[in-house]
Amino acid sequence: MIRSLHRWFGLIAAALVTVMAISGTALSVFPALETLTIPASQQISVAELAARIQAIEPSVEQIRRAPTGRITAYYLEGDQPVSSIIDPMTGRPLGSANTTTFERWLIDFHRSLFLNDTGRLVAAGGAAALLTLALSGLSLLARRAGGWRLILKPAKGTGDRRLHAVVSRLALPGLLLSSLTALWMTAATFGYLPEGAGAPPFPSEVSGATGVPVGTIPVLRRTSVETLRSLRFPAVDNATDTFTLKTDAGEGFIDQGTGALLAWQDSNWVNRVTDFVVMLHTGRGMAWMGLLLGVSALAIPVLSWTGLTVWLTGRGRKRGSSVSARDAYTIVLVGSDGGTTWKFAETLSKSLSVQGMRVHVGPMSSFEPERWARARRLILLTATFGNGEAPASARGFLERLRRAPVRQDLSLAVLGFGDRSFPSFCGFAADVARVAEEKGWNTLLPYDTVDRQSIQDFARWGRNLAQTLGRNVELNHLETRPKTCELSLVSRRDYGASVEATTVILRFSLPKISIRQRLTGNTLPRFEAGDLVGILPEGSNVPRFYSLASASSDGFLEICVRRQPGGLCSGQLSTLEPGQIVSAFVRPNPDFRPARGRRPVILIGAGTGIGPLAGFARANRARRPMYLYFGTRHPASDAFYAEELSNWRTEGRLADVVAAFSRTVNPTYVQDVLRNDGARIRKLVATGGQILVCGGREMALGVAAALSDILTPHGVDLAILKAEGRYAEDVY
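Residues numbered from 1 in each chain as written. Predicted model: local features only at pLDDT ≥ 70, side-chain atom pairs only at ≥ 80, totals over all residues. Heavy atoms only, no water.

### Re the sheet that holds strand E24 (residues 690-695)
The strands that make up a sheet pair up through hydrogen bonds in the backbone, lying either parallel or antiparallel. For the record, the criterion: Note on pairing: DSSP must find at least two bridges between two strands before they are called paired. Numbering of helices and strands starts at the N terminus; helices are DSSP runs of H or I of at least 4 residues and strands are runs of E of at least 2. Interaxial angles span 0 to 180 degrees and are taken between N-to-C directions of axes, which are lines fitted to C-alpha atoms, for helices over the stretch in contact.
Pairing within the open sheet is parallel, and its five strands lie in the order E23-E22-E21-E24-E25. The sheet is open, and its two edges are formed by strand E23 (656-661) and strand E25 (727-731), each paired on a single side. When strand polarity is set aside, the average angle formed by the axes of neighbouring strands in this sheet is 10°. One ladder, built from six bridges, connects strand E21 (residues 601-606) with strand E22 (residues 626-632); its direction is parallel. Across the sheet, the residue bridging to Val-601 is Met-626, located in E22.

### Details of the environment of Thr-668
As a reminder, the rule being used: Contacts were defined at the residue level, with two residues in contact if any of their heavy atoms lie within 4.5 Å.
Tracing the backbone shows Thr-668 in the loop between E23 and helix H19 (670-676). When the C-alpha atoms of Thr-668 and Arg-633 are compared, they prove to be 9.3 Å apart, with 35 residues separating the residues in sequence. Among all residues touching Thr-668, those that are not within four sequence positions of it are Ala-660, Phe-661 and Ser-662.

### Description of unusual backbone geometry
The following threshold applies: Only protein chains enter the accessibility calculation, which uses a 1.4 Å probe; a residue whose area is less than 20% of its type maximum is buried, one above 50% is exposed, and one in between is partly exposed.
Even without being glycine, Cys-426 reaches a positive phi, approximately 55°. Along the chain, Cys-426 turns up in the loop between strand E12 (411-418) and helix H13 (427-439). The class for Cys-426 is buried, based on a relative accessible area of 1%. The phi dihedral of Arg-452 falls on the positive side, at around 55°, and the residue is not glycine. Considering the arrangement of structural elements, one finds Arg-452 in the loop between strand E14 (448-451) and helix H14 (455-469). Residue classification places Arg-452 among the exposed residues on the basis of a relative accessible area of 51%.

### Observations concerning the confidence of the model for the chain
Atomic detail in the predicted coordinates should be set aside for any region of low pLDDT. To keep it simple, the criterion reads: Scored from 0 to 100, pLDDT records how confident the predictor is in each individual residue.
Scored by pLDDT, the chain has a mean of 84; 89% of the residues are at 70 or more. Taken element by element, the chain is modelled with least confidence in helix H15 (residues 515-520), mean pLDDT 47, and with most confidence in helix H17 (residues 610-618), mean pLDDT 96. Of the regions scoring below 50 in pLDDT, residues 312-322 engages in three contacts with residues more than four places distant in sequence or in other chains.

### Observations concerning the nonpolar core
Note on soluble globular proteins: their nonpolar side chains tend to be buried together. In plain terms, the rule: Buried residues of nine kinds, namely Ala, Val, Leu, Ile, Met, Phe, Trp, Tyr and Cys, make up a nonpolar core once their side-chain atoms join them within 4.5 Å.
Counting residues in hydrophobic clusters, the biggest one holds 27 residues, and the most contacted among them are Phe-367, Trp-372, Leu-378, Phe-397 and Val-432. Elements that contribute at least two residues to this core include exactly strand E9 (330-335), strand E11 (377-383), helix H12 (397-403), E12 and H13. For this core, the leading source of residues is H13, giving six residues. Ignoring anything within four residues of it in the chain, the contact list for Val-432 reads Met-364, Leu-380, Phe-397, Leu-398, Leu-401 and Val-414.

Below, the structure written as structure tokens:
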């Protein structure tokens with residue numbers, strides 16, 4: 001039993017555990033290097049340290065002390081945020097504190113394999129597998145030695161078997177510690193441990209005064225730098241804000257006018273244990289332990305190899321069944337954002353393969369006809385994004401098609417996927433077909449389209465393809481229902497009834513998630529405002545997508561929906577009552593959200609497009625400069641998020657709110673208020689500002705025209721802003 005458990009866990013988890021081990025070993029070096037390069041520590045108070053730093057950098061916003069002892073200060077140089085390593089003796093910056101790109105890449109890879117929560121669960125599964133392997137391996141070692149008391153006697157056997165036993169004995173303590181601490185950290189991340197103490201409630205009353213010298217604050221004078229976690233300074237020109245102090249002992253708020261400690265919360269045992277576990281696992285604050293665990297982790301590739309060699313001797317590896325592009329006679333390239341077109345491509349590939357045809361399927365970004373030695377057919381299946389733009393997996397394809405020399409021995413077919421109700425129906429696919437014809441590519445089939453994922457349209461095109469190929473090809477595409485979970489409506493707010501434009505803001509509770517659901521993926525992943533929720537209406541397997549107005553950290557899922565005439569999903573949602581449920585899933589939309597940092601953000605929307613923009617404002621707890629321009633029909637009927645917008649502006653989450661109403665005595669549209677505020681927009685863009693636009697296509701075109709009028713005369717091109725990630729649209 002134990003031997004089988006050890007064998008199959010090893011076989012299944014070998015690659016994952018090896019990858020996690022190697023990346024963990026590489027990460028163990030950084031804390032040691034940091035320890036060697038930080039300035040010598042001093043026995044000084046937090047007050048002395050803060051006063052020294054503030055004297056050098058008056059705009060300091062926060063001071064942090066890492067477990068390694070490194071002091072970092074965050075301040076402004078001009079209007080740019082800067083983080084620097086600080087010499088505590090002088091308070092002077094010694095260099096940038098930014099994590100290197102490679103270290104950040106390595107951390108993200110080790111923690112989540114770049115897969116967010118799903119990746120964290122996979123990594124946790126690797127830790128659980130490692131723990132199982134370590135415990136079962138320890139039991140097998142004891143059994144092989146003749147009992148636990150003899151486990152340290154010289155190992156028996158020769159070759160790989162002996163090497164496996166010797167390396168196991170040396171590495172097992174470190175592997176056990178690594179796996180246990182990794183599982184604790186995962187449990188803490190997903191909320192499966194008791195909660196830590198956290199911060200106390202923000203004080204209800206402050207003095208309202210400002211300007212107390214930081215070096216004279218009593219609690220800071222009593223606090224040693226050795227116990228400091230962070231000190232956040234109050235926001236400039238905000239008399240209601242406070243100093244926020246975090247130490248090993250707890251967290252509290254200090255009045256910026258009197259220096260009095262207004263509130264304090266001691267840390268509890270969960271905080272202390274978690275801090276200790278993190279220190280053991282990462283080596284930050286205990287560099288020698290991190291290096292020890294890193295060296296132990298290096299044993300995993302050796303154990304994986306020797307274990308597989310011992311167990312799989314004489315077994316040949318099965319050859320993969322996939323056909324490479326070099327060996328394929330038919331190339332199928334896919335342009336897709338959501339993944340639906342890929343499923344049609346899979347149906348096509350399977351049908352052609354059944355007929356004995358060698359098929360390769362890949363993204364349109366892999367267009368390299370000069371490397372397709374045997375290919376005689378190229379079939380392009382592509383959707384269209386936004387206003388006739390290329391989807392994610394086809395970016396840059398048109399340029400490559402224009403530059404590539406025509407292969408007379410390669411015939412081409414283009415099939416577009418889209419929704420005929422939109423003005424730019426299959427616009428990108430049509431552009432591809434046009435450019436191919438202009439270049440002189442041979443035509444395999446005339447350009448054709450599939451409307452709204454129509455199985456009938458796809459089958460019809462398949463019959464034409466079968467006739468051209470002279471093969472018995474049948475494209476019987478079966479729709480697959482995506483994995484969903486049930487969301488229960490908590491509340492709804494209704495607007496627009498008086499102008500016959502019913503709009504509702506729907507707030508759903510997040511489902512309770514079991515460990516089993518997380519592992520099987522049958523639940524909602526973590527999400528941010530601006531991501532998409534797919535809702536399956538009753539009577540259809542085709543999801544309708546809505547932009548999210550909340551993040552999972554808000555504790556609810558919120559969308560803004562306008563009822564469309566004849567709309568199946570919007571019609572059902574607009575009549576949904578609290579307590580009723582919908583089937584939904586979340587799809588990331590990482591290209592549409594505020595970039596990191598403190599540079600200004602210009603939010604522009606109309607109608608229900610205010611949903612994700614409201615979510616961005618709600619999440620702006622750091623109070624970065626964020627300006628909202630939105631248009632709607634009438635303030636009496638369509639005052640979406642009116643109370644929240646007012647509160648967020650008061651709290652500083654929105655720097656300004658400018659509204660346009662199209663059904664008032666003096667009608668205005670959002671592009672009109674943009675032009676009226678052109679000077680400020682130019683200034684915000686000049687300082688590195690980002691523009692996010694959400695709403696209908698006509699509105700987006702008008703906004704783009706207005707912004708071009710504002711920015712182009714001053715040398716700013718919207719196309720360049722898009723390429724830099726500083727102009728993004730979520731358009732429907």
